[in-house]
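Report on the structure
Okay, here's what each chain looks like letter by letter:
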Amino acid sequence: MRLNSLKTMRAKYLLIVVLSLSLFACKEKQNSNSVKEENKEEVQTYFSITEYFVDQWNNRRGNPYTLLRIVTLNGKSDSAFVVMDSTLWFSLRAKFDAADISDPKFLGKYKDEIFNDETTETNHIYFEAKEPNLFMQKMDISVDMFNDKVKSVYVETREDKENYAHTQKLQYIPDRIFQFQESERSSDAPDKELRIEYRFDY
């Protein structure tokens with residue numbers, strides 16, 4: 001499904017790449033009051049997963065969907081058909097929302113680049129955390145280079161605490177699949193490997 005003004009968004013990220021590369025070089029100059037005022041007038045942000053899923057739902061609500069849910073926990077699988085309604089949609093997007101980095105506070109905390117894959121005819125907007133303690137570690141937005149439609153959203157997250165580690169790999173392919181892979185390691189409980197798929201096409 002086409003994102004609103006995706007060409008504008010792509011141009012925006014080209015600007016973000018330049019801004020992020022020059023962010024620390026300009027740090028000393030930004031100490032003046034005049035520059036701080038200028039920065040308030042225009043705030044650049046990274047890609048917003050939250051806004052993207054709002055757009056996706058606005059174009060889907062009211063349309064009947066039945067999805068195939070497959071849950072695999074530590075190698076054992078179970079499946080069921082579920083109806084896509086607003087409750088299910090918001091529960092699915094919640095994991096992606098938690099990884100949203102569109103708040104200006106995240107600027108400069110991620111390496112970002114835009115590259116083309118001629119083999120798959122896809123443009124990619126890619127982010128990778130500069131610090132291991134950031135929740136969202138990697139994000140890749142793939143976009144069809146001819147029609148500007150988002151082909152997939154892929155996210156990796158990590159949460160580390162004392163004697164506990166939780167990682168996630170999240171993927172959404174419009175009209176095809178929601179996929180969640182989670183791994184938990186704890187000194188107080190058995191390891192947990194969970195994979196959940198919601199398939200539109202089955």
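Refer to the structure printed above.
A short tour of the structure in this document, coming up. Here the structure is a predicted model, which means the values were calculated and not measured.

Below, the discussion takes up the pattern of salt bridges. Under the definition given, this model contains 9 salt bridges. Its salt-bridge partner being Lys95, residue Glu182 comes within 2.8 Å of it at the nearest N-O pair. One end of the pair, Glu182, is in strand 8 (residues 177–186); the other, Lys95, is in helix 4 (residues 86–97), with 87 residues separating them in the sequence. The class of Lys95 is partly exposed, set by a relative accessible area of 26%. Across the salt bridge formed by Arg195 and Glu197, the nearest N and O atoms sit 2.8 Å from each other. We classify Arg195 as partly exposed; its relative accessible area is 33%. Each of Arg185, Asp191 and Glu193 takes part in one network of salt bridges that share partners.

A few words now on the nonpolar core. With 36 residues, the main nonpolar core has Phe96 and Phe178 as its most contacted residues. Going through the elements one at a time, helix 3 (49–58), helix 4, strand 4 (122–129), strand 5 (136–144), strand 6 (150–161), strand 7 (164–173), strand 8 and strand 9 (192–199) are the ones with two or more residues in this core. In this view, Phe96 contacts Ile49, Phe53, Val153, Val155, Leu170, Gln171, Tyr172, Phe178 and Phe180; residues no more than four positions away in its chain are not counted.

With that out of the way, let us pick up the pairing of strand 5. The element strand 5 is largely enclosed, with a buried count of 8 among its 9 residues. Pairing geometry for strand 4 and strand 5, over 7 bridges, is antiparallel. Pairing of Thr122 across the sheet is with Asp144, part of strand 5. Between the antiparallel neighbours strand 4 and strand 5 lie 6 residues. In this sheet, strand 6 lies alongside strand 5 in antiparallel orientation, the contact comprising 7 bridges. Each residue of the ladder has a partner; that of Ser142, found in strand 6, is Ser152. Taking the residues between adjacent antiparallel strands as the criterion, strand 5 and strand 6 are bridged by 5 residues, where Asp148 takes a positive phi near 65 degrees.

Attention shifts here to a positive patch on the surface. Where like charges cluster on the molecular surface, the positive patch consists of Lys111, Lys130, Lys138 and Lys169. The residue Lys130 is located in the loop between strand 4 and strand 5 in this model. When its relative accessible area of 42% is taken as the criterion, Lys130 is described as partly exposed.

A negative phi angle characterises most non-glycine residues, just as the trans form characterises most peptide bonds. The phi torsion at Asn74 lies on the positive side, around 50 degrees, for a residue other than glycine. Examined against the element boundaries, Asn74 turns out to sit in the loop between strand 1 (66–73) and strand 2 (76–83). Despite not being glycine, Asp175 has its phi angle at roughly 65 degrees, a positive value. Locating Asp175 in the fold gives a position in the loop between strand 7 and strand 8.

Okay, the environment of Asp191 next. Relative to the helices and strands, Asp191 resides in the loop between strand 8 and strand 9. As for Asp191 and Ala165, which are separated by 26 residues in sequence, their C-alpha atoms are 10.0 Å apart.

On inspection of all chains with the given rule, the structure shows 20 aromatic pairs. A centroid spacing of 5.1 Å and a plane angle of 50 degrees characterise the contact between Phe53 and Tyr172, whose relative ring orientation is tilted. Taken together, the residues Phe53 in helix 3 and Tyr172 in strand 7 connect sequence positions 119 residues apart. In this structure, Phe53 and Tyr172 share a single accessibility class: buried. Taken together, Phe47, Tyr52, Phe53, Trp57, Tyr65, Trp89, Phe90, Phe96, Tyr172, Phe178, Phe180 and Phe200 form an aromatic cluster joined through their ring pairs. Above the plane of the ring of Phe180 lies Lys95, whose end atom (NZ or CZ) is 5.9 Å from the centre.

Parameters at a glance
Residues numbered from 1 in each chain as written. Predicted model: local features only at pLDDT ≥ 70, side-chain atom pairs only at ≥ 80, totals over all residues. Heavy atoms only, no water. Salt bridge = Lys/Arg side-chain N within 4 Å of Asp/Glu carboxyl O. Helix = DSSP H or I, 4+ residues; strand = E, 2+ residues; numbered from the N terminus. Buried < 20%, exposed > 50% of the residue type's maximum accessible area, 1.4 Å probe, protein only. Core = buried A, V, L, I, M, F, W, Y, C linked by side-chain atoms within 4.5 Å. Contact = heavy atoms within 4.5 Å. Pairing = 2+ DSSP bridges. Patch = residues over 30% accessible without salt bridge, like charges linked within 9 Å, V, L, I, M, F, W, Y side chains within 5 Å. Areas by Shrake-Rupley, 256 points an atom, 1.4 Å probe, with all protein chains shown as cover. Lys, Arg positive; Asp, Glu negative; His and termini not counted. Charge placed at Lys NZ, Arg CZ, Asp CG, Glu CD. Phe/Tyr/Trp six-rings, centres within 6.5 Å; stacked < 30°, edge-to-face > 60°. Lys NZ or Arg CZ within 6 Å of the ring centre and 35° of its normal.

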